Amino acid sequence: MFWEQLLNGLTLGSTYALIALGYTMVYGIVQLINFAHGEIYMFGAFAGLILVSFFGFNLIAAMLAAMLFCMLLGILVERIAYRPLRGKSSRLSALISAIGVSIFLSTLMALMAGTNTHRYPEVIAHQSYHLGSLDLSLMQILILAVSALLMIGLQFMVQKTRIGKAMRACSQDLDASYLMGINVNRVISFTFAVGSALAAAGGVMVGVYYNAVWPYMGMMAGLKAFAAAVMGGIGSIPGAMIGGLSLGIMEIMGVAYLSSSYKDAIAFGMLILVLLIRPQGLMGQKISKKV
Amino acid sequence: MPVLTLEGISQEFGGLRALDGVNMVVEEGEIFGIIGPNGAGKTTLFNIITGIYVPSEGDLIFKERRINRMATHNIARLGIGRTFQNIRLFNKLSVLDNVRVGSHGISRSGFFKSLLGLPSMLREEKEIKSRAEELLELVGLYDKKMEYADNLAYGEQRRLEIARALALKPSLLLLDEPAAGMNSGEKVELMKFIEQIRQEMKLTILLVEHDMSLVMTICERIAVLDYGRKIAEGPPEEIKNDERVIQSYLGVGA
Amino acid sequence: MNGLDAAITQYIDPYYLRIMILLGINIILALGLNLITGVTGQLSMGHAGFMSIGAYTSAILSMQFGFSYLMALLAGAAVAAFFGFLIGIPTLRLEGDYLAMVTIGFAEIIRVFFLNFEPGGKAVGLSGIPQHTNFITVWLIALLIIALNTRLLKSRMGRAFYAIRENEIAAASTGIDTTRLKILAFTAGSFLGGLGGGLYSHYMYYINPQDFGFMKSIELLNMVILGGMGSIPGTILGSFILTLAPEMLRIVAEYRLLFYGALLVILMIFRPNGILGDVRIYDLKKRWGRKEVKTCQS
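Residues numbered from 1 in each chain as written. Chains lettered and ligands numbered in written order. Predicted model: local features only at pLDDT ≥ 70, side-chain atom pairs only at ≥ 80, totals over all residues. Heavy atoms only, no water.

## Some thoughts on the overall build of chain B
Next, step 1: Within chain B one finds 10 helices and 10 strands.
Next, step 2: In terms of overall dimensions, chain B has a C-alpha envelope of 60 × 40 × 35 Å along the principal axes.
Next, step 3: Looking at chain B as a whole, 57% of its 254 residues are labelled buried.
Next, step 4: Across chain B, contacts joining residues at least 24 apart in sequence account for 67% of those joining residues at least 6 apart.
Next, step 5: For chain B, the accessible surface area stands at approximately 11100 Å², while carbon and sulfur atoms represent 49% of it.
Next, step 6: Between the mean site of the 32 positive side-chain charges and the mean site of the 36 negative ones, chain B shows a separation of 6 Å. (Helix = DSSP H or I, 4+ residues; strand = E, 2+ residues; numbered from the N terminus. Buried < 20%, exposed > 50% of the residue type's maximum accessible area, 1.4 Å probe, protein only. Contact = heavy atoms within 4.5 Å. Areas by Shrake-Rupley, 256 points an atom, 1.4 Å probe, with all protein chains shown as cover. Lys, Arg positive; Asp, Glu negative; His and termini not counted. Charge placed at Lys NZ, Arg CZ, Asp CG, Glu CD.)

Here you go:
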């Protein structure tokens, strides 16, 4: 029972982590809570659904295509709604703009697809493997494997490549990076693209795993993922991973051992508790006041 | 009578010793200068005195009272006003409001009194305003009292910070690089101004400054910090000729 | 006063009357949030949580404990203020967006609590709340709140709140107890949130936890930021626009929210500091009042 729940928690948590990474990377560079990020995730789930249902894509191909589509969407959103505000306004106006995008995108999808819940056709065999007393479904294995792969890839990119170095420089000091000749706008676009792609992968996998896709699925998932990013220490990439996993585990355990009607409250309650004990989040660095 | 006494003040930031056993006594009514190369710990010292940092070791005594662990706002209320090296104004408030906020520590109308608009509160408001206007007159910013603080020129912002600090009616004023970015004409004016407020307001002034001629001209005593240690202290003449100071700070050309 | 209300009900179209009543309630709610976020700079994204506490508390008190309308409203506001005080405490340690997250989490917890709260009718909601709120009561209270807010923000305390938003360290060094004042702002702002909630439940007859979800908090935050952070006329204007916008957009029917979202983006691009964010009465007077007087440049 316990191990089963832990596995479920890890599965849910790794999808939170995938979405949380987008929040944390964008936040790390432009200090914006990108509220439209949950909607990108929702668009990813729908893109995958359409490709699988109408174009006969297999799951992996649909996921890759959805990631590509959301990359473009993420770049577009940044261009239209955030870039014009950068540098000339407070962070809060950018936040409102992000909320506007979020409302716009979820309504757009509701108009196109209706507000009903859609289901993926059977794209993956209902097969499960036994690991001792543990039941492991194929989809769970896929989610865990794909998430791990994407996160390792991301970590490699951020640490080892030129663009990753530029991203790290921008997250330290945007102005100084600009003065050092880094094309800041390009780095920001790239960050949005990568974050959006990760969210899309999460969206497709959640859509299949829970067999439900609907236009407002982005809101609660987005809030939870943001909570995970904050819990891990916003701006920190390993923090988002750990935050996502712990939030997923806590939520599943809370439902299993406490009460299912308080599901959402448990996740947020844990978050508040963590922040009260460690105000900078699990992996965040303590920022000493600069005077 | 000593106004401010520092006894063995040390400050560590994650293993880095920013200040190391600094002793210092500032006497009432004097202008005391702290000099030292960048990173010597001058601003850290100010932040310790004003309670922004709690010193790792040592004692801080203001008028016979230990203030080591006191919160910043309480230290301000004891009568220690300050300015900041990297100007910290309330940018989106008017120049007048900046100075009016400055007197927060010495006024007392609370939340409910403010809501109700009691006569005592209105009287206090009048006092705060007229005093703020006097101070703006003094620093030559009266004509700009309704401007937003961030629309002022750099030098004006520095003067506004001093006016704000004076609104607290401090007995000890800490000035963190007041002459930064000023031309020589402005520096001469600033020196006159510092001398004037000391006399008119019976102030003790502690200042951190890079400009040697300014420090040597107006300070009665000077302490020299280097890598967090005090390497010399005394009147300007003595400091100018101190071997260690010349070596580590004033350099060959001085 | 009842006669006056009867007259109003008779001569004003019920549809417009309803909008005006909701506008009055929104102004009270938004002024509360303005105090926390607009004036003191503490980003709160859970104001609807305080609203729901006020709404449920006052409704239950007047339905089951026979509280008078005024007493029920005050009690609802007081309970909300108490929770605001509790939420204010993490501000001792948390900064910026961490605090925002706590407020979101708090409001979600409150919503889930009411979804499971027996006396509040759980997910079904609470109905049969006496409809005491009318045009007169809402606007009397709203005008009183506007007047008190204006006085507060022009006082020593008001300036201190703004100073905390502008620069916390400098504020502390002028003798402002920043911690205490931040908690005070949260408490007072939540009081208004609870008051607005009470007025709302006694107007709507029926409430349900979903009325006070994350989107409601966001709507209130939009009112504060859209009008201009920290400005009372700005907050009133923001409430006005965002209360009316959904009604005006009824002509575009199901595209309503699409336009609403786009409107937020466009307004922020063209007025990044809010519509009245950098407009002061003083500047307007100067611009219009001194036209003929040629002042020499100093």
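## Let's talk about the sheet that holds strand β8 (residues 204-208) of chain B
All names here are of chain B.
Next, step 1: Reading across the sheet, the 6 strands line up as β6-β7-β8-β3-β9-β10 and stay open at both edges, with mixed pairing between neighbours. Both edges of this open sheet fall to β6 (80-82) and β10 (229-234), since each of them pairs with a single strand only. Neighbouring strand axes in the sheet, compared pairwise and without regard to direction, differ in orientation by 20 degrees on average.
Next, step 2: With 4 bridges connecting them, strand β3 (residues 31-35) and strand β9 (residues 221-226) associate as parallel partners. Its bridge partner being in β9, I35 is matched across the sheet by V224.
Next, step 3: Of the strands in this sheet, β6 and β7 (172-176) touch helix α6 (residues 154-166), which is tilted by about 160 degrees from β7.
Next, step 4: Taken strand by strand, helix α7 (residues 184-201) contacts β3, β7 and β8, and its axis lies near 150 degrees from that of β8. (Pairing = 2+ DSSP bridges. Axes fitted to C-alpha atoms, helices over the stretch in contact; angles between N-to-C directions.)

## Side note on the interface of chain C and chain A
How big an interface is tends to be stated in terms of the accessible area lost upon association of its parts.
Next, step 1: Each partner contributes to the interface: chain C provides 40 residues, whereas chain A provides 49 residues.
Next, step 2: Summed over both sides, the interface between chain C and chain A buries roughly 3800 Å², with carbon and sulfur atoms accounting for 79% of that surface.
Next, step 3: Of all residues in chain C, the largest losses of buried area upon contact with chain A belong to D97, Y98 and M101 of chain C, amounting jointly to 18% of the total for that side.
Next, step 4: Where chain C packs against chain A, one counts 0 salt bridges.
Next, step 5: Here chain C and chain A share 2 residue pairs in polar contact (both at pLDDT 80 or more) between them.
Next, step 6: Looking at the side of chain C that touches chain A element by element, the count peaks at 12 residues for helix α5 (residues 96-115) of chain C.
Next, step 7: Broken down by class, the residue content of the side of chain C that touches chain A amounts to 29 nonpolar, 6 polar and 5 charged. (Buried area = accessible area lost by both parts, 1.4 Å probe. Salt bridge = Lys/Arg side-chain N within 4 Å of Asp/Glu carboxyl O. Polar contact = N/O pair within 3.5 Å; in protein donor to acceptor, adjacent residues only side chain to side chain. Nonpolar A, V, L, I, M, F, W, Y, C, P; charged D, E, K, R; others polar.)

## A few points about α5 of chain C
Next, step 1: With 20 residues, α5 of chain C ought to run about 28 Å at 1.5 Å a step, and its terminal C-alpha atoms sit 29 Å apart, in line with that.
Next, step 2: Most of α5 of chain C is tucked away: 16 of the 20 residues are buried. (Expected span 1.5 Å × (residues − 1).)

## Quick notes on the environment of L195 of chain C
Next, step 1: With respect to the helices and strands, the residue L195 of chain C is situated in helix α9 (residues 178-204).
Next, step 2: When neighbours within four sequence positions are excluded, L195 of chain C is seen to be in contact with I28, L73, A77, I141 and I145 of chain C.

## Notes on unusual backbone geometry
Next, step 1: In the Ramachandran plot, Q31 of chain A falls in the positive-phi region, its phi being about 50 degrees despite a non-glycine side chain.
Next, step 2: You can see Q31 of chain A is positioned in the loop between α1 (2-30) and α2 (37-55).
Next, step 3: One non-glycine residue with positive phi stands out, namely K202 of chain B, at about 50 degrees.

## Considerations on the packing of helix α4 (residues 69-88) of chain C against α9 of chain C
Residues and elements named next belong to chain C.
Next, step 1: Contact pair α4 / α9: the axes reach a minimum separation of 7 Å and the direction vectors enclose 145 degrees. Where α4 crosses over α9, the handedness of that crossing is right-handed.
Next, step 2: Of the residues belonging to the contact of α4 with α9, the class tally is 15 nonpolar, 8 polar and no charged. (Left-handed = near helix turned anticlockwise from the far one by under 90°.)

## As for the nonpolar core
Next, step 1: F35, Y82, L95 and L154 of chain A, I34 and L206 of chain B together with M45 of chain C are the most contacted members of the largest nonpolar core, which has 225 residues in total.
Next, step 2: Ignoring any residue separated from it by four or fewer positions in sequence, one finds F35 of chain A in contact with L95, A98, I99, S102 and L223 of chain A together with M45, I104 and F214 of chain C. (Core = buried A, V, L, I, M, F, W, Y, C linked by side-chain atoms within 4.5 Å.)

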